[in-house]
Every structure is written in structure tokens, then in C-alpha cells.
Amino acid sequence: MRSVLLVWVLAFAALSRASGILVVRNLSDIPQDSYGRPGLSHMTVAGAVHHGMKELEVWLQTFAPGSGTPIHRHDCEEIFLVLKGKGTLFLAEPGLEYPGEVLQFHISGNSTMTIPVNSVHQIINTSNEDLQFYVIISRPPIRVFVYRSFLVPHTEAVTHFPYPWDLKTLTS
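Along each chain, numbering runs from 1 in the same order as the chain's sequence is written. Predicted model: local features are reported for residues with pLDDT of at least 70 only, side-chain atom pairs are reported and counted for 80 or more only, and whole-chain, interface and lining totals are derived from all residues. Water and hydrogen atoms play no part in the side-chain values, which are based on all heavy atoms of the structure.

Caption draft 1: Representation of the overall build of the protein chain in the model. Each helix and strand in the protein chain was counted, giving three helices and 11 strands. Numbering of helices and strands runs from the N terminus, with a helix taken as a DSSP run of H or I at least four residues long and a strand as a DSSP run of E at least two residues long. Put simply, the protein chain runs from its N terminus to its C terminus through helices and strands in the order α-β-α-β-β-β-β-β-β-β-β-β-β-α. With 172 residues in all, the protein chain has 44% of them scored as buried. Taking as baseline every contact in the protein chain between residues at least 6 positions apart, the subset at least 24 positions apart corresponds to 68%. In these tables, accessible area is a Shrake-Rupley quantity obtained with a 1.4 Å probe, and a residue counts as shielded only by the protein chains included in the view. A total of about 9200 Å² of accessible surface is found on the protein chain, and carbon and sulfur atoms cover 57% of it. Any residue under 20% of the maximum accessible area for its type is buried, any over 50% is exposed, and the rest in between are partly exposed; the area is computed with a 1.4 Å probe on protein chains only. Contact criterion: two residues are considered in contact whenever any of their non-hydrogen atoms come within 4.5 Å of each other.

And the structure:
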């Protein structure tokens with residue numbers, strides 16, 4: 001996991017020098033917000049709307065015990081690097097009309113997860129401590145489709161664009 005982060009940091013540093021974006025930042029200087037979602041702490045470490053990135057966006061997210069993401073999919077690839085805590089990834093096998101059968105994966109510190117484009121998924125913190133991970137997405141800012149359950153058709157998913165952390169920056 002450290003080698004993946006090192007590659008990302010080196011790539012970001014090279015891009016930052018070329019674009020005039022601040023190369024080195026302290027995470028304690030980057031704002032965090034729950035965006036109205038109980039149990040969430042979200043920080044955009046580097047991204048399209050905030051920092052001019054074109055192909056990648058990196059988030060640091062922390063979920064309190066019992067909280068998690070909504071059931072959703074998006075039009076980008078996504079990689080998770082779990083730093084601490086335990087949880088469950090629910091990932092639907094691709095279906096034509098519905099998300100499909102749901103697979104469960106237990107996750108913990110040092111786990112990595114890759115989510116293909118348009119794969120319906122959800123992450124829930126199942127431990128008594130915070131679940132924290134880095135999220136790396138492609139093609140920011142992302143379009144998110146939220147589901148009431150894994151059993152509803154894709155046509156009933158509600159589209160969110162821009163997503164709350166991008167919207168706040170776009171409108172300020």
C-alpha cells in the first residue's frame with residue numbers, strides 16, 4: 001500500500017510543479033465535512049474541483065461505527081486503501097435490469113478494494129472503531145446513482161451530480 005501511495009505522491013508532485021498547484025500540503029490544513037451524512041468525515045485530498053486535477057481524485061473518508069455509504073454506483077473506477085477499522089463491502093454482480101446478486105467482502109486495515117465502473121456497491125463500518133480509508137477515483141467530478149436497495153431496477157436510481165463535496169466548491 002505504501003508503494004501505491006508513493007507512486008501517487010510522485011505523480012502528483014510532478015503534475016503540481018507543472019501546473020503551479022501547491023505540491024506539499026498538510027492534511028490538518030485541508031477542511032473536513034460530513035455533508036449532512038451522519039457518521040461521515042470527508043476530506044478531498046486532491047481533486048478536479050478543488051485542485052485542478054484532470055484524471056484522478058483522492059479522498060480521505062472516515063466512517064463512525066455503524067455508518068457507511070449509501071447503496072450506489074458511479075461512472076468511474078474506484079480504489080480503496082483501508083487504513084484502519086473493519087467493515088463490509090457489499091458488491092452487486094452486474095445485472096441487466098437490477099444490480100444483481102450481492103457479494104460480501106470483509107475489509108480491515110491494509111485491505112484494498114477495486115470497484116469497476118457502474119458496479120453497485122456499499123461499504124458499512126461493522127466495528128466499534130472508526131473505519132478510515134483513502135479513495136482514489138478516475139474521471140472527476142463524478143456522477144453518482146443512489147439506490148433505495150439492491151433490489152430496485154437501475155432506472156429507479158437517483159442521480160447526484162455534482163456530488164455534495166464538489167457542489168460546495170462549485171457554488172462558492
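Caption draft 2: The environment of Thr-155, seen in detail. Counting through the fold element by element, Thr-155 comes out in the loop between strand S10 (144-147) and strand S11 (158-160). Sequence-wise, Thr-155 and Glu-97 are 58 residues apart; in three dimensions their C-alpha atoms are separated by 7.9 Å.

Caption draft 3: Spotlight on the sheet that holds strand S1 (residues 40-46). Strands are treated as partners if at least two bridges between them are detected by DSSP. Read from one edge to the other, the open sheet built from five strands follows the order S1-S2-S9-S4-S7, with strand pairing classed as antiparallel. Because the sheet does not close on itself, it has two edges, and the strands there are S1 and strand S7 (112-115). Direction aside, neighbouring strands of the sheet carry axes that sit 20° apart on average. Bridge count for S1 against strand S2 (residues 56-63) is six bridges, and the pairing is antiparallel. Residue pairing across strands places Ser-41 opposite Thr-62, the latter belonging to S2. Whenever a helix is involved, its axis is fitted only over the stretch in contact; in every case the axis is a line through C-alpha atoms, and angles between N-to-C directions fall within 0 to 180 degrees.

Caption draft 4: A look at the nonpolar core. Membership of the largest hydrophobic core comes to 21 residues, with the highest contact counts inside it found for Phe-80, Leu-89, Ile-107, Met-113, Ile-123 and Phe-133. Per element, the largest residue contribution to this core is four residues, and it comes from strand S9 (residues 131-138). Setting aside residues no more than four positions away along its own chain, Ile-123 makes contact with Ser-67, Gly-68, Thr-69, Phe-80, Thr-88, Leu-89, Ile-107, Met-113, Leu-131 and Phe-133. In these notes, a set of buried Ala, Val, Leu, Ile, Met, Phe, Trp, Tyr and Cys residues joined through side-chain atoms within 4.5 Å is what counts as a nonpolar core. The next biggest cluster of nonpolar side chains, apart from the first, holds nine residues, and it includes Ile-71, Phe-90, Phe-150 and Ala-157.

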